[in-house]
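Spelled out, the chains give:
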Amino acid sequence: MLLTLASTAQIQLHTETQLTTSSGEYTPLWLQANRYGLSSLEKTNGYLRAALSRPVEADSLRQWRRGGCADIAVTTGFTSRMVVQQLYGEIGWKKGLLTVGAKEQPMELRDQELSSGAQTLGINARPVPGVRIELKDYWDVPGLSHWLGFKGHIFYGKTTDDNWQVDFTRRQELYTENTMLHTKAGFLRIGPNDKPLQLELGLEMGCQFAGTSYMKRATKEILKNESGFMSYLRAFLPGSSEANETDYRNKEGNHVGSLLARLNYEGKDFGVSLYADHYFEDQSGFFFLDFDGYGTGEQWDSWERFNWLIYDLRDLQLGLELRLKKCRWVQTVVAEYISTKYQSGPVYHDHSRFLSDHVGGIDDYYNHHIFTGWQHWGQVMGNPLFRSPLYNDDGTIKVHDNRFTAWHLGISGTPVDGLHYRLLATWQRGFGTYKVPYPDPRNNVSLLAEASYVFPAHSKLSGWSLRGAVATDQGKLLGNNTGVQLTIGHDMNIHFKKKR
């Protein structure tokens, strides 16, 4: 529930209780994924949640806007008994917005409830508290008759899962403390809003940096990562090298990102969009190029000739979104295909004094040798089809299945006023990782059927809502799990008359 203050000072209060119970080893995928980390793999879990907020949209008629939110849940069967899900304040001016604190941020260029998820900046893990400045909506570049717009954000924050990492690894495997997180994104819109055809192009990037890395117990190595002003700059513009680098110099921090594109057509009776998300972890995945012109002997680390390796564009998330404007039973359909098998190839060799060839493969998506990979509180911060570390029973904070192909389908509609449903179906074939491949591919099917009802404003139950869902996993990737989930919510607006 949320609080809102406008000229009649409106505050929104939302309270919610949820209970999930399952058979099998885990809660099924689509009962716990893409919920901003407010979820659990435990077979029986639940929470009582209260959120008080004032969205900046309450000041939509003003140039200066203010808002904030306090959103707290008391849980059972979760990684912590109390979760501060959101706690932030924000100030907006025209299209600009400054947010301080932890806030759930939506995905870009895809449907929030039907997509399998974004590959870099997803909605699968708990929000990270920090400072974010952004252009939330497209700003039209002057002098181009609204044909070109820009939006984007810059964020710096600190992860909050230090204690969980210690408990999960029992200090036997790699874990980190005081890790900082940086994200940034920029998007271009080509084509005015009043035209049926638009193209959107984007770049999302993230970086884990600073803090302390505690390596596996066998090595007993402790790395103090760079944490001064320059580390913040290098998180924004990758540079320097890791704390334990010698001859070979990887860029400081764990850098990840996605190249994004979306083509939209908006007609009278329907709209359709085609979109793509290419995930990368280094220059071979970003530029599809890597330098391979090093010398030998004393010149082994010098650029001696102009020679480059060209990498293929094989790893992609491709999506189709169909919006039917006159059909209430089926309003939105999303279909996606994802492949992450290539990862710049199965060979990695850094040039040396004796062999100058440089091949930058085995990108090992979402994993890192110094940081605990692209995760927060055990849930990946991107697409949940990368099996999150929470599933691991060996104490490692790693993604053990990052090479896979998948097909995903989502359908939603509102047959009658107040009644909404969504259906999700995902087939996935996992191959493990390059370093630890499965002897045989593992297949998995995950299904979800969910319906929600909001009681009408004129009824005695005005403000109340019910949501019920049933889901299942079948296969060797996630096991055989079947579960049901019930959520009861209540929304209320609180108004304060403006003093004269």
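Residues numbered from 1 in each chain as written. Predicted model: local features only at pLDDT ≥ 70, side-chain atom pairs only at ≥ 80, totals over all residues. Heavy atoms only, no water.

Where nonpolar side chains cluster on the molecular surface, the patch consists of Trp 139, Leu 144, Trp 147, Phe 150, Leu 188, Ile 190 and Leu 201 and spans about 620 Å² of accessible area. With respect to the helices, strands and loops of the structure, Leu 144 is situated in the loop between strand E6 (130-140) and strand E7 (148-158). (Patch = residues over 30% accessible without salt bridge, like charges linked within 9 Å, V, L, I, M, F, W, Y side chains within 5 Å. Areas by Shrake-Rupley, 256 points an atom, 1.4 Å probe, with all protein chains shown as cover. Salt bridge = Lys/Arg side-chain N within 4 Å of Asp/Glu carboxyl O. Helix = DSSP H or I, 4+ residues; strand = E, 2+ residues; numbered from the N terminus.)

Judged by nonpolar contacts, the single largest core of 40 residues is most densely connected at Leu 29, Trp 30, Tyr 366, Trp 374, Leu 385, Phe 386 and Leu 448. Looking at this core, the elements that each hand over two or more residues are helix H1 (162-169), strand E14 (270-280), strand E18 (332-339), strand E23 (404-416), strand E25 (437-454) and strand E26 (464-475). Residues contacting Leu 385, with those up to four places away along its chain left out, are Leu 29, Trp 30, Ser 116, Ile 338, Asp 401, Phe 404, Ala 406, Thr 426 and Gln 428. (Core = buried A, V, L, I, M, F, W, Y, C linked by side-chain atoms within 4.5 Å. Buried < 20%, exposed > 50% of the residue type's maximum accessible area, 1.4 Å probe, protein only. Contact = heavy atoms within 4.5 Å.)

Attention now moves to the side chain of Asp 401. Along the chain, Asp 401 turns up in the loop between strand E22 (379-380) and E23. For Asp 401, which is buried and forms no salt bridge, the nearest opposite charge comes from Arg 387, at a distance of 6.2 Å. There is a polar contact of 3.4 Å between the side chain of Asp 401 and the backbone nitrogen of Phe 431. Looking at Asp 401, its side chain comes within polar contact range of the main-chain nitrogen of Gly 432, at 3.1 Å. Not counting chain neighbours up to four residues away, the residues in contact with Asp 401 comprise Leu 385, Phe 386, Arg 387, Gln 428, Gly 430, Phe 431, Gly 432, Thr 433, Tyr 438 and Leu 477. (Lys, Arg positive; Asp, Glu negative; His and termini not counted. Polar contact = N/O pair within 3.5 Å; in protein donor to acceptor, adjacent residues only side chain to side chain.)

An order of E8-E11-E12 is seen for the three strands of this open sheet, with the pairing classed as antiparallel. The two strands at the open ends of the sheet, each matched to only one other strand, are strand E8 (175-177) and strand E12 (222-224). Averaged over all neighbouring strand pairs, the angle between strand axes comes to 20°, with direction disregarded. Relative to E12, strand E11 (residues 212-214) runs antiparallel, the two being bridged by three bridges. Each bridged residue has a counterpart across the sheet, and for Tyr 214 the counterpart in E12 is Ile 222. (Pairing = 2+ DSSP bridges. Axes fitted to C-alpha atoms, helices over the stretch in contact; angles between N-to-C directions.)

Note that Arg 49 resides in strand E2 (residues 44-54). A distance of 2.6 Å separates a polar atom in the side chain of Arg 49 from a polar atom in the side chain of Asp 71. A polar contact of 3.4 Å, which involves the side chain of Arg 49, links it to the side chain of Glu 104. If we ignore the near neighbours within four places in the chain, the residues touching Arg 49 are His 14, Thr 15, Glu 16, Leu 38, Asp 71, Ile 72, Ala 73, Gln 85, Gln 86 and Glu 104.

Here we take up the pairing of strand E13 (residues 254-266). When strand E10 (residues 197-209) meets E13, the two strands line up antiparallel, connected through twelve bridges. Within the sheet, the bridge partner assigned to Leu 197 lies in E13 and is Tyr 265. The pairing of E13 with E14 spans ten bridges and is antiparallel. Among the inter-strand pairings, Arg 262 is bridged to a residue of E14, identified as Tyr 275.

This next bit is on the environment of Leu 385. Along the chain, Leu 385 turns up in the loop between E22 and E23. By relative accessible area, Leu 385 is classed as buried at 3%. Taking the C-alpha atoms as reference, Leu 385 lies 25 Å from Met 180; in sequence the two are 205 residues apart.

The next point concerns the pattern of salt bridges. Scanning the model with the defined rule gives 18 salt bridges in all. Measuring nitrogen to oxygen at the nearest pair gives 3.0 Å for the salt bridge that ties Asp 269 to Lys 326. Pair noted here: Asp 269 is in the loop between E13 and E14 and Lys 326 is in the loop between strand E17 (316-324) and E18, with a separation of 57 residues, a long-range link. Exposure remark for Asp 269: the relative accessible area of 37% places this residue in the partly exposed category. Judged by relative accessible area, which is 63%, Lys 326 ranks as exposed.

Let us look at H1. Counting buried positions along H1 yields six of eight residues, so the element is predominantly enclosed. Along H1, the positions that sit buried rather than exposed are Asp 162, Trp 164, Gln 165, Val 166, Phe 168 and Thr 169. In this structure, the buried side of H1 is in contact with E7, E8 and strand E21 (375-376). Among the residues trailing H1, Arg 170 stands out with phi positive, at a value near 55°.

A word on unusual backbone geometry. Positive phi is not limited to glycine here, since Tyr 36 has a value of about 55°. Positionally, Tyr 36 belongs in the loop between strand E1 (10-23) and E2. Its relative accessible area of 16% is what places Tyr 36 among the buried residues. Not every positive phi belongs to a glycine, and Lys 94 is a case in point at roughly 50°. With respect to the secondary-structure elements, Lys 94 resides in the loop between strand E4 (82-93) and strand E5 (96-102). Note on Lys 94: relative accessible area 47%, which makes it partly exposed.

Turning our attention to the confidence of the model for the protein chain. The predicted coordinates ought not to be read in detail in places where the model reports low pLDDT. On average, residues of the protein chain score 91 in pLDDT, and 92% of them are at 70 or above. Confidence over residues 1-8 falls short of pLDDT 50; this stretch has 51 contacts with residues more than four positions distant or in other chains. Throughout residues 244-249 the model reports pLDDT below 50, and contacts reaching past four residues in sequence, or to other chains, amount to 13 contacts. (pLDDT = per-residue confidence, 0-100.)

With nine bridges connecting them, E2 and strand E3 (residues 64-76) associate as antiparallel partners. Each residue of the ladder has a partner; that of Ser 53, found in E3, is Cys 69. Pairing of E3 with E4 involves eleven bridges; the strand directions are antiparallel. Following the sheet pairing, Ala 73 is matched in E4 by Val 83.

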